[in-house]
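# Close look at the chain arrangement
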Amino acid sequence: MMRAFYHPDQALHAPQQYMRFGRVVRARDLPERTERLLQALAGRGIPVETPPPVGMDPILAVHTADYVEFLRTAWDQWQTLPEDRGPEVWPATFPYWSGRPERRARPAPRPTGLLGRLGWYLGDMSVPLDAHSWTSIRQSAETAVAGAEAVADGAGLAYALCRPSGHHARADRASGFCYLNNSAIAAARLALRFGRVAVLDVDAHHGDGTQQIFYDRPDVLTASIHADPADYYPFYTGYADEAGAGAGAGANLNLPLPHGSGTGAMQAALQLAAEAIRKFDARALVVALGFDAHRADPIGVLALDSGDFAAIGEAVSRLDLPTLIVQEGGYGIDVLDPSLTAFLQGLGG
Ligand code: ZN
């Protein structure tokens, strides 16, 4: 007689939803499944034994302790999120890798079908593609290229109104509303002309894609000022100890700001970034300009006012380099105009 084991607690897990074909649909792994399976065993006259407790050691022989601890505690932590949280622990971001910045490109994925490639290339649930997305994505990149060409040709200063934004896009992965890395595309073009280029990213989010793309390059300095990623997108990079790797060692600067920071902290960070850019001897500059550091931004955690963006413009102006401004984020619709206006005023001196 075959032995069978089942613990009734296994039916307590009752998932309600999952994402399929772009829709939230009813979960499929329903507790009723076990009832049906038990019925089948009963129908064959097979008795079901309750398994004895064995402790965690056999599990920890296979799984890491931190992962097991996460599973054990995630529900309780979920209860600390705002009241309108969903009914179960459910992620909306997917880390690209371990968070170790020196891990750069991945191999091409083995799946050839769309569903497998989706997970590989779309890193979270903020980068859907519709019928017109590619057109906009490509055009946004071309806008950045046009700006870079203008600066390469001697324009001195240019602004690329890129949308969709780009600075979260890695060499091979879209995420964070970004698909192609407009700032990086522009910086690479300017490096051909000027040799040494700096990217100054002042979007409220770490420019993780830009960092990754240039992490081991000695000719492009990436400096990013952003809200502390320990509890803010993009979470896995943007820390102060990420300084570049290999030939690019020393050519990456992260200046995370405490949440709630205002223009004082921003200006102090701008000063540090400017010193690094001068020390690097950059010959051209790309400014990845976001306005989500505004206190009115719906997904922001910093506290700049519209007028504070003038100080960013002034800092850029003082660098006195051929400069391309590339638009990144900023989601407070009503403050975009005054913020860009202030930035441009500061830039104009
Ligand atoms: Zn942003």
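Rules and cut-offs
- Residues numbered from 1 in each chain as written.
- Predicted model: local features only at pLDDT ≥ 70, side-chain atom pairs only at ≥ 80, totals over all residues.
- Heavy atoms only, no water.
- Core = buried A, V, L, I, M, F, W, Y, C linked by side-chain atoms within 4.5 Å.
- Buried < 20%, exposed > 50% of the residue type's maximum accessible area, 1.4 Å probe, protein only.
- Helix = DSSP H or I, 4+ residues; strand = E, 2+ residues; numbered from the N terminus.
- Contact = heavy atoms within 4.5 Å.
- Donors = N, O, S within 2.8 Å, 3.2 Å for Na, K, Ca; no water.
- Pairing = 2+ DSSP bridges.
- Expected span 1.5 Å × (residues − 1).
- Arc of directions from axis to C-beta.
- Axes fitted to C-alpha atoms, helices over the stretch in contact; angles between N-to-C directions.
- Parallel < 35°, antiparallel > 145°, perpendicular 65-115°, else oblique.
- Left-handed = near helix turned anticlockwise from the far one by under 90°.
- Nonpolar A, V, L, I, M, F, W, Y, C, P; charged D, E, K, R; others polar.

## Thoughts on the nonpolar core
- Among the nonpolar cores identified, the biggest contains 39 residues, and Leu200, Ile225, Ile277, Leu285 and Phe343 are the most heavily contacted of them.
- Elements that contribute at least two residues to this core include exactly strand E6 (197-201), strand E7 (220-227), strand E8 (252-257), helix H8 (263-280), strand E9 (284-289), helix H9 (309-319) and helix H10 (333-348).
- The leading source of residues in this core is H8, at 7 residues.
- Residues in contact with Ile277, not counting those within four places in the same chain, are Ala198, Leu200, Leu221, Ala282, Leu285, Leu319 and Leu321.
- The next biggest cluster of nonpolar side chains, apart from the first, holds 22 residues, and it includes Ala152, Ala184, Ile213 and Phe214.

## A closer look at the coordination of the zinc ion
- Coordination of the zinc ion by the protein comes from Asp203 (OD), His205 (ND1) and Asp292 (OD), over a distance range of 2.0 to 2.1 Å.
- Mapped onto the polypeptide sequence, the residues donating to the zinc ion form the spacing pattern D-x1-H-x86-D.
- With a relative accessible area of 0%, Asp203 lands in the buried category.

## Quick look at the pairing of strand E5 (residues 157-160)
- The alternating pattern of E5 places Ala158 and Ala160 on a buried face and Leu157 and Tyr159 on a face that is not buried.
- Pairing between E5 and strand E10 (residues 323-327): 4 bridges, direction parallel. When the sheet's bridge partners are listed, Leu157 is paired in E10 with Thr323.

## Section: H8
- Compared with an ideal rise of 1.5 Å per residue, which puts 18 residues at 26 Å, H8 spans 25 Å between its outermost C-alpha atoms and is within 8% of the ideal.
- Regarding H8, the residues found buried are Met266, Ala269, Leu270, Ala273, Ala274, Ile277 and Phe280. The buried residues of H8 occupy one face: seen down the axis, they fall within an arc of 145°. Residues of H8 that are exposed and angled more than 90 degrees away from the buried face: Gln271 and Lys279.
- Tucked inside the fold, the buried residues of H8 contact E6, E7, E8, E9 and H9.
- Once H8 ends, the next one or two residues include Asp281, with phi positive near 65°.

## Focus: the pairing of strand E2 (residues 17-20)
- Bridge count for E2 against strand E3 (residues 23-26) is 4 bridges, and the pairing is antiparallel. Note that in E3 the partner of Gln17 across the bridge is Arg26.
- A loop of 2 residues connects E2 with E3, the two strands running antiparallel in sequence, and Phe21 in this loop sits at a positive phi of about 50°.

## So, the sheet that holds E8
- Across the sheet, 6 strands lie side by side as E5-E10-E9-E6-E7-E8; this open sheet has parallel pairing. Of all the strands in the sheet, the pair left with one neighbour each is E5 and E8. Taken over all neighbouring pairs, the strand axes of this sheet differ in orientation by 15° on average, direction set aside.
- Sheet topology note: the E9/E10 ladder contains 5 bridges and is parallel. Bridged to Ala288 within E10 is Val326.

## What about the packing of H8 against H9?
- Put simply, H8 and H9 touch, their axes get as near as 10 Å, and they point 15° apart. Classed by the angle they form, the pair H8 and H9 counts as roughly parallel. Relative to H9, H8 is oriented so that their crossing is right-handed. Each of Thr263, Met266, Gln267, Leu270, Ala274, Ile277 and Arg278 in H8 lies in contact with H9, whose residues at this interface are Ala311, Ile312, Ala315, Arg318 and Leu319.
- Among the residues making up the contact of H8 with H9, the classes are represented as 8 nonpolar, 2 polar and 2 charged.

## Thoughts on the side chain of Ser224
- Tracing the sequence through the fold places Ser224 in strand E7.
- A relative accessible area of 4% places Ser224 in the buried class.
- Leaving out residues up to four positions away in the same chain, Ser224 has contacts with Asp201, His205, His206, Gly207, Leu253, Asn254 and Leu255.

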